[in-house]
2 protein chains.
Amino acid sequence: MRMVRAGLTADRVTLAGAELADEVGLDHVTMSAVARRLGVKDASLYAHVRNLEDLRGRIALLAADEKTIRIAEAIAGRAGKDALVAYANAYRQYAHDHPGRYTATQIPIQIDPELLAGAPGPRRAVELTYSMLRAYALREPDLTDAVRIMRSMLHGFVSLEAAGGFAHARPVEDSWLRCVDGLHTLLEHWPAHDEGDPA
Amino acid sequence: MRMVRAGLTADRVTLAGAELADEVGLDHVTMSAVARRLGVKDASLYAHVRNLEDLRGRIALLAADEKTIRIAEAIAGRAGKDALVAYANAYRQYAHDHPGRYTATQIPIQIDPELLAGAPGPRRAVELTYSMLRAYALREPDLTDAVRIMRSMLHGFVSLEAAGGFAHARPVEDSWLRCVDGLHTLLEHWPAHDEGDPA
DNA sequence: GGCTCTTCCTAGTAGCCCTAGTTTAAGCCT
DNA sequence: AGGCTTAAACTAGGGCTACTAGGAAGAGCC
């Protein structure tokens, strides 16, 4: 019996869970599997993490932070279409590099509020997106609509791609370029507001 | 002991699973829960469905069929922007009415090929989308790109909405209108192909 | 009525989440 | 250094889940 004390912390448990998620998929991340990976009995994890749902929430926050940092680095010093392309590519690249973590960011949000308060990722991500899109001369409420559309497009493309939804012969990479391109033109030529809105 | 023979079939099991998915979420659809709902022991289900994964695949196919039918009805007799709007609204409405079934359609595809061959939904859905977008004077490979972009946008919006990702004060309904509107203008003014593509 | 077929059952294994209570390693204090 | 405190990790166990194997009992056919 070694019994050398594994030196667990909430962060180490979360990291092990995140790695596991990338390797085998988020919904194969079980307490038992994480414990095995850490060389520990599953009951030991409960000293650091409330339960499985809490662990998944922590993985989601970790991923949000990492993704935000990558995007921030990517768009630093860029503007306009350059910034948009850099943003989109960084977003997609993160999802490719960390598929399990990425899916964790998309779970219906029920994260411990106290935990969320300590993580800058989600809030900062929103700020980044807004400030980047402000360059397109959009004002509220169009700005919010634009943010939502951009998020929809990126998340939709990336998650369909991950689910194997693009089976056609056409290379996905090419479609991606057109997608980001289209997003740019859409933001540039934001449609006038007054059509078909009788209210 | 009643023992009146519940009259199960694969379809009835699938339907029970689909209803359950809409009520409690797809990943709370368990063999035990479906069996309880049908007044049957869980072991009895395995005569009709191979295992849980198979059941989920069947739910996905059921949903694909239903969704396709709704969209087909919605766009029947319409063209151009009318058709696009009807398509998008039917798509979103289905996801609202059947959230569990909808998420089932987005699982990484590992459906029994034989089963898939018998279900017209997925193939027909692709055909519908292609034929509708052909009205926008798009030719390959732009057509495929357009289909992918449209699917990305719709799926992205709907799934972010379902995940509670749109917390801002701005009504989601308004953003949705702008989103579909933007998609239309994007398809109408499809960007020229020759920019930034030096290869 | 007897035969067969399928349906549905009981029984059982193994894995999962999580709790309660116990042992023991690590760090501090004198 | 030896003893105390803290908390890290354990053992034990309950309850739920997926799934398998083999048995009983309805339904239709002769």
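Just above sits the structure.
Reading the values: the criteria
Residues numbered from 1 in each chain as written. Chains lettered and ligands numbered in written order. Predicted model: local features only at pLDDT ≥ 70, side-chain atom pairs only at ≥ 80, totals over all residues. Heavy atoms only, no water. Axes fitted to C-alpha atoms, helices over the stretch in contact; angles between N-to-C directions. Helix = DSSP H or I, 4+ residues; strand = E, 2+ residues; numbered from the N terminus. Left-handed = near helix turned anticlockwise from the far one by under 90°. Contact = heavy atoms within 4.5 Å. Nonpolar A, V, L, I, M, F, W, Y, C, P; charged D, E, K, R; others polar. Buried area = accessible area lost by both parts, 1.4 Å probe. Salt bridge = Lys/Arg side-chain N within 4 Å of Asp/Glu carboxyl O. Near = heavy atom within 4 Å. Polar contact = N/O pair within 3.5 Å; in protein donor to acceptor, adjacent residues only side chain to side chain. Core = buried A, V, L, I, M, F, W, Y, C linked by side-chain atoms within 4.5 Å. Buried < 20%, exposed > 50% of the residue type's maximum accessible area, 1.4 Å probe, protein only.

Asker: Give me the lowdown on the packing of helix H4 (residues 52-75) of chain B against helix H5 (residues 80-97) of chain B, citing residues and values where you can.
Answerer: Each pair of packed helices can be summarised by the angle the axes make with each other and by the distance between the axes. Residues and elements named next belong to chain B. The interhelical angle for the contact between H4 and H5, taken along N-to-C directions, is 145°, at an axis separation of 8 Å. Remark: the crossing between H4 and H5 carries right-handed chirality. On the side of H4, the interface is formed by Ala 63, Glu 66, Lys 67, Arg 70, Ile 71, Ala 74 and Ile 75, while H5 contributes Ala 83, Ala 86, Tyr 87, Ala 90, Tyr 91, Gln 93, Tyr 94 and Asp 97. Looking at the contact of H4 with H5 residue by residue, the classes come out as 10 nonpolar, 1 polar and 4 charged.

Asker: Please give an account of the interface of chain B and chain A that cites residues and values.
Answerer: On the chain A side, the residues contacting the 40 residues of chain B number 40 residues. With both sides pooled, the region where chain B packs onto chain A buries about 3400 Å², and carbon together with sulfur makes up 55% of that total. Three residues stand out in chain B for area buried against chain A, namely B:Arg148, B:Leu160 and B:Arg178, and they jointly supply 22% of the buried area on that side. Taken together, the connections running from chain B to chain A amount to 4 salt bridges.

Asker: With reference to specific residues and values, describe the protein's contact with DNA strand D.
Answerer: Neighbouring residues of DNA strand D: 20 residues in total, closest A:Ala6, A:Gly7, A:Ser44, B:Ser32 and B:Leu52. Looking at DNA strand D alone, sugar and phosphate atoms form 67% of those within 4 Å of the protein. A:Lys41 places a polar main-chain atom, nitrogen or oxygen, 2.8 Å from a phosphate oxygen of DNA strand D. B:Met31 is positioned such that a nitrogen or oxygen atom in its backbone is 2.8 Å from a phosphate oxygen of DNA strand D. For the surface near DNA strand D, the secondary-structure elements that each account for two or more residues are helix H3 (42-45) of chain A together with helix H2 (31-38) and helix H3 (42-45) of chain B.

Asker: Would you mind going over the nonpolar core in detail, with residue names and values included?
Answerer: In terms of nonpolar packing, the biggest core is built from 72 residues, with A:Leu133, A:Leu187, B:Leu133 and B:Leu187 touching the most fellow members. The residues touching A:Leu133, leaving out its near neighbours within four places in the chain, are A:Leu138, A:Leu143, A:Ala146, A:Val147, A:Met150 and A:Leu187.

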